[in-house]
Amino acid sequence: MRRQPFRAAEGGHLIDRSEPLRFDFDGHRHEGYRGDSLASSLLAAGVRIVARSFKYHRPRGVWGFGPEEPNAMVTTGVREEARPNLKATEVPLSEGLEAFGQNAWPSVSWDLGGAVGLAGGLMPAGFYYKTFMAPARWWYSLYEPLIRRMAGFGPAPRTPDDAFYAKRRIHADVLVAGGGPAGVAAALAAARAGARVVLADENTRFGGDLLRAPGEVGDSDGLAWIDTATAELEAMSHVHLLNRATVAGYYDHNLLTVAERAGEEEGAPGAPAMRLWFVRAREVVIAAGAHERPLLFDGNDRPGVMSASAAGGYAHAYGVLAGRQAVVAGNNDSIYRVARLLRSVGVSIAAVADTRSGGDVRDLPCRAGEAVERVLGSRRVRGVLLRRADGRAGDKGERITCDLVAVSGGWSPAVHLHAQARGSLRYDEERGLILPDRAGGANRSAGAGAGRFDLDGCLEEGWAAGIAAAASSGHERAAGEPPRSPDRNAGEAPVFWQTGGGKRFVDLQYDVTAADVDLAAREGYRSVEHVKRYTALGMGTDQGKTSGMAGLVLLSEALGRPVAQTGTTTFRPPYTPVPMAAMASGLLGEGRDALRRTAADDWHEARGAPFTAAGLWRRPRYYPREGMDEAETIDAEVRETRAGAGIVDVGTLGKVDIQGRDAAAFLDLVYANRMSSLKTGRGRYGLMLREDGRVFDDGVVMRLGENHFYLTTTTAHQHEAMQHIELLLQTVWPELEVYATDVTEHWFAAALAGPGSRALLERAAPELDLSDDAFPMMAVRAATVAGLSALVFRMSFSGELSYEVAVPADHGLALWTRLLTEGREDGLTPYGTEAMGTMRIEKGHVTHAEADGRTTPDDLGLGRMASAGGPAIGKRSLELPALRRNGRQQLVGLSVIDPEARIPPGCQVVESDDMRPAPPLGHVTSFCYSPTLGRALALALVENGRARTGQTVYIASPVIDLSMAAEIVSPVFYDPEGTRLNG
Amino acid sequence: MLLIPCPFCGARDETEFAYGGEAGIERPADPEAATDEAWTDYLCFHDNPKGPHRELWFHRDGCRRWLEVERDTYTHELGAVRLSRP
């Protein structure tokens, strides 16, 4: 047997017969040619059953030619390379391709699920809602697994997609969506006028409908004209041509996404599997073409029933016979063109049935006024029953043997992009077309997508749209003469949808029949959106491209109202499915965000420190030690710091330089506590509030000069804090002369902590007087530290005697390593964020875990700080009754009674340990094991917490059935008098 | 995605900006003198119209200016964009 029994001896402008390719479908080896789609090569090989349908597992064949394909759903590849839910019409053939038909076990030809269809009745609309109701306990055990097994498309791959996906951004004057005659004419006109043009088309080559059927432009072949035009475009540096690229989404302000299947291009090794373009276009020309409509008759889903233009296209573009003997049926003139194309490759034409009377063509076996009543054959087409289209009584019809039924119900303009841009639609009753009306955004539709179906009209409209779009974007150079075509047959179709009864499928992909739409109407559904969801009409991956119009007309008829009143469902992006991997490209894993590293980061990494994320920063958690686990290491870092000296990288804190005549007055307005009373050389802990009175950020403000301040913000809120400062300066108090500069990146800082820190710093900064009198708490001094010019702050987060040393970031690593070298004999211990966190919990200092956007200063025990001062941001709100009432949650310490207990994350604070559901008193905000106190500690927000001091409560985690007793204590667990701050 | 014509930087993608809520809300000159009701009104009761809306956008990744933008919340059409001033 010939390997491609349904391939004509010659013809097919898309294929290269010198390069045969082998591929496997459902485990069988076949052959096709370079340039084939999987669909065309399957047809050439004589494979007619390509998939099984979604609900009834009926055998299905290839229906269409491109992205409108509802039936031929396949999975390509296996395991991690498996790509489910592809349309065979869109999969290019490649050597060794492995593909599998979907929805069938063990294969599409022998599918056990098909027994559903044999059982006779179909599942009506709403079947799932009506059937799988009760008892409720059967849902998980029986119904859900059953439905999951029977329904759905290809299985989702279980492993990550390791292919490479990319995103690109581009600006254009004119984006042309669609590279058929209208689109190419538009692109050529706009480009000649001088506009920067992007022309994107979903096929492997430009041409649109000219790929499927020949046409004439000027006095030459249409495709030859396309080639000449695109060659001219290609040569222009301001034009970008994209093949295999579907304009998928139209978003606000003319941002469009284009999904380019770049990896399919030959000779493009290393190209991403998909490149998702974001095109910001001044103007858009939508030349998206039209989709052929099906006709509704009994068995219109059988393999062998195919869109007429597709059947003709397989003959013309691929030299493939979609059958040996064809009945071509339809309601418009295109069927004659198709019949001749089929005949030209050797298909014998059994009949051409035209639902209209007249229209007889001598060279074809015409059946004027006749329509297909029923398809004969159960697994594939064996023939059809033709009857009078006007349904005259007594007409028994005539059986005609065939293996291909090519049907055309006219054309539906692809108005998707126009509608996505919120353009309005209108229904042309006479022509039975939904057409673009008012544009929503800077776009215009042209060609078949706007209802012009003749080649000359497409060229004319496309050209005009290109000229207009270029002019709107400011380009008006002369573009020359528009191309013309002798083809001016508009191919108008009278509205005609259905014949007879039986299983007439409207939505082939979701197995929705005409009876389902009727039933939905009888059951009271009126809105087209509700009918869509109830019957699943148009909800498949083809999004109703073939079914939408038929469904709409059926529903309108059932409801007895005009189509225009029924309206369409909402068109939403994407136009065709876009892989999640392409959308997620660049948004996952490493490289998603810029990584901020402090100046000492290399050192932390060299020490093998595990990092934690703090905003965009990464910070070392602890420094691993030989023979010690994580907890032991953190405990050691805490103990050694409290007993001797430790050093921690605090370079991630936000830092803001504030200068200007009104700097002090401004800070009084930004911070809840007064800053203008600070003396030069001194600093103060400060609380920033939001205007609603909640604590927003905290940090230290240092006065470096009369009109010069340096303040720190938290690592977590540094961006918001700076944004807040800039908002106030610009929009509330622009009269203040203040200059705020984010200097976070300019400074590196390290904190030396512990009783040994003074002796160490004395050696590192010999000219600096560190005595308490000369350098008291909260003082700042400029000094040379370890040979580097620095600012030294005396402040403490750990509760120990402590100095923070800040140097310009370029000197950060030098400072860090020199201090460590200097401190070697003192046993200076580098510690990470874990030990830092433990020590701050022991001291009851708050972070954003406590200042969580809901807490006021008083809630956090800092009410006194906010009581003084003037009309700062947020102060007035503190007087509102809601923020002063009793019963607010307040910050407390929880000392766990069992010294062996450890607190897990996510704990509540409750009154009793009976584990019964009860409203919690509050929740744990921070917790640690304190090596200093030898027990687990927590900070918590507890209702009326301060008044409960001394009470026993329970730290509970119901999800892990855990409850432990704890005593409510002051949040300052360690050294409440603060004597250790003096070393 | 919006394309916001920044008067300083030119037309830029929305992703460069941070949203700042309704524009033109004046902070009471003397907060301490405001009644609870007046203060709450200033804090919480902002307009949320379907249609034209004046709002603040911060050009975070650009000039770092707060801009006042007229935006139709239904169509996303933008009107005048200017530097925000009290």
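This one's a predicted model, so the numbers in the text were calculated from it and none came from an experiment.

About the criteria used
Residues numbered from 1 in each chain as written. Chains lettered and ligands numbered in written order. Predicted model: local features only at pLDDT ≥ 70, side-chain atom pairs only at ≥ 80, totals over all residues. Heavy atoms only, no water. Phe/Tyr/Trp six-rings, centres within 6.5 Å; stacked < 30°, edge-to-face > 60°. Helix = DSSP H or I, 4+ residues; strand = E, 2+ residues; numbered from the N terminus. Contact = heavy atoms within 4.5 Å. pLDDT = per-residue confidence, 0-100. Salt bridge = Lys/Arg side-chain N within 4 Å of Asp/Glu carboxyl O. Buried < 20%, exposed > 50% of the residue type's maximum accessible area, 1.4 Å probe, protein only. Pairing = 2+ DSSP bridges. Axes fitted to C-alpha atoms, helices over the stretch in contact; angles between N-to-C directions. Core = buried A, V, L, I, M, F, W, Y, C linked by side-chain atoms within 4.5 Å.

Caption draft 1: Expanded view of the packing of aromatic side chains. All names here are of chain A. Within this structure, the stated rule accounts for 14 aromatic pairs over all chains. Measuring from ring centre to ring centre gives 5.9 Å for Y710 and W747, while their planes differ by 85°; the resulting arrangement is edge-to-face. With Y710 in strand β37 (residues 708–713) and W747 in strand β39 (residues 747–753), this pair connects stretches of sequence that are 37 residues apart. Through successive ring pairs, a cluster of aromatic residues spans W603, Y623, F748 and W816.

Caption draft 2: The arrangement of the side chain of S798 of chain A in detail. When you line up the elements, S798 of chain A lands in the loop between β41 (788–794) and β42 (802–808). Residues in contact with S798 of chain A, not counting those within four places in the same chain, are R642, A753, Y831, M839 and K843 of chain A.

Caption draft 3: Local environment of the confidence of the model for chain B. Residues with a pLDDT of 70 or more make up 100% of chain B, whose mean pLDDT is 95. Reported for the predicted complex are a pTM of 0.89 and an ipTM of 0.96.

Caption draft 4: Main features of the pattern of salt bridges. Residues and elements named next belong to chain A. Going through the model one piece at a time under the given rule, you end up with 66 salt bridges over all chains. Notably, a salt bridge pairs R484 with D456, separated by 2.8 Å at the nearest N-O pair. Linking R484 in the loop between α10 (455–472) and β29 (505–507) with D456 in helix α10, this pair joins segments that are 28 residues apart in sequence. The class of R484 is partly exposed, set by a relative accessible area of 42%. A salt bridge links R661 to E737; the shortest N-O distance between them is 3.3 Å. Here R661, found in the loop between β34 (654–659) and α18 (663–670), pairs with E737, found in the loop between α19 (718–732) and β38 (739–742); they are 76 residues apart in sequence, far enough to count as distant.

Caption draft 5: Molecular detail of the sheet that holds strand β24 (residues 404–408) of chain A. Residues and elements named next belong to chain A. Pairing is parallel in the open sheet, where five strands are placed in the order β17-β24-β18-β19-β20. The sheet terminates laterally at β17 (305–307) and β20 (366–368), the two strands that pair on one side only. The sheet shows a mean angle of 20° between the axes of neighbouring strands, direction not considered. Bridging between strand β18 (residues 325–330) and strand β19 (residues 348–354) involves six bridges; their strand directions are parallel. The residue of β19 that forms the bridge with V328 is V352. On the sheet, helix α7 (residues 308–318) packs against β17 and β24 and is oriented at approximately 85° with respect to β17.

Caption draft 6: View of the environment of L537 of chain A. Residue and element names in this part refer to chain A. Position of L537 relative to the elements: it lies in the loop between α12 (528–535) and α13 (548–559). For the pair L537 and D511, spaced 26 residues apart in sequence, the C-alpha separation works out to 8.2 Å. Among all residues touching L537, those that are not within four sequence positions of it are V506, D507, V512, K532, S547 and G551.

Caption draft 7: How the structure looks around the nonpolar core. Residues and elements named next belong to chain A. Membership of the largest hydrophobic core comes to 87 residues, with the highest contact counts inside it found for L38, Y314 and L342. It is helix α5 (residues 181–192) that contributes the most residues to this core, eight residues altogether. What Y314 contacts, discounting residues up to four positions off in sequence, is S37, A39, S40, L43, V62, G64, F65, T89, M306, G319 and V320. In this structure, Y623, L760, L768 and L820 belong to the second largest nonpolar core, which totals 32 residues.

Caption draft 8: The arrangement of the sheet that holds strand β7 (residues 97–101) of chain A in detail. Residue and element names in this part refer to chain A. Strand order in the open sheet formed by five strands is β2-β1-β7-β5-β6, with mixed pairing between adjacent strands. The sheet is open, and its two edges are formed by β2 (28–34) and β6 (83–87), each paired on a single side. The sheet shows a mean angle of 40° between the axes of neighbouring strands, direction not considered. The pairing of strand β5 (residues 73–76) with β7 spans three bridges and is classified as antiparallel. Residue pairing across strands places T75 opposite F100, the latter belonging to β7.

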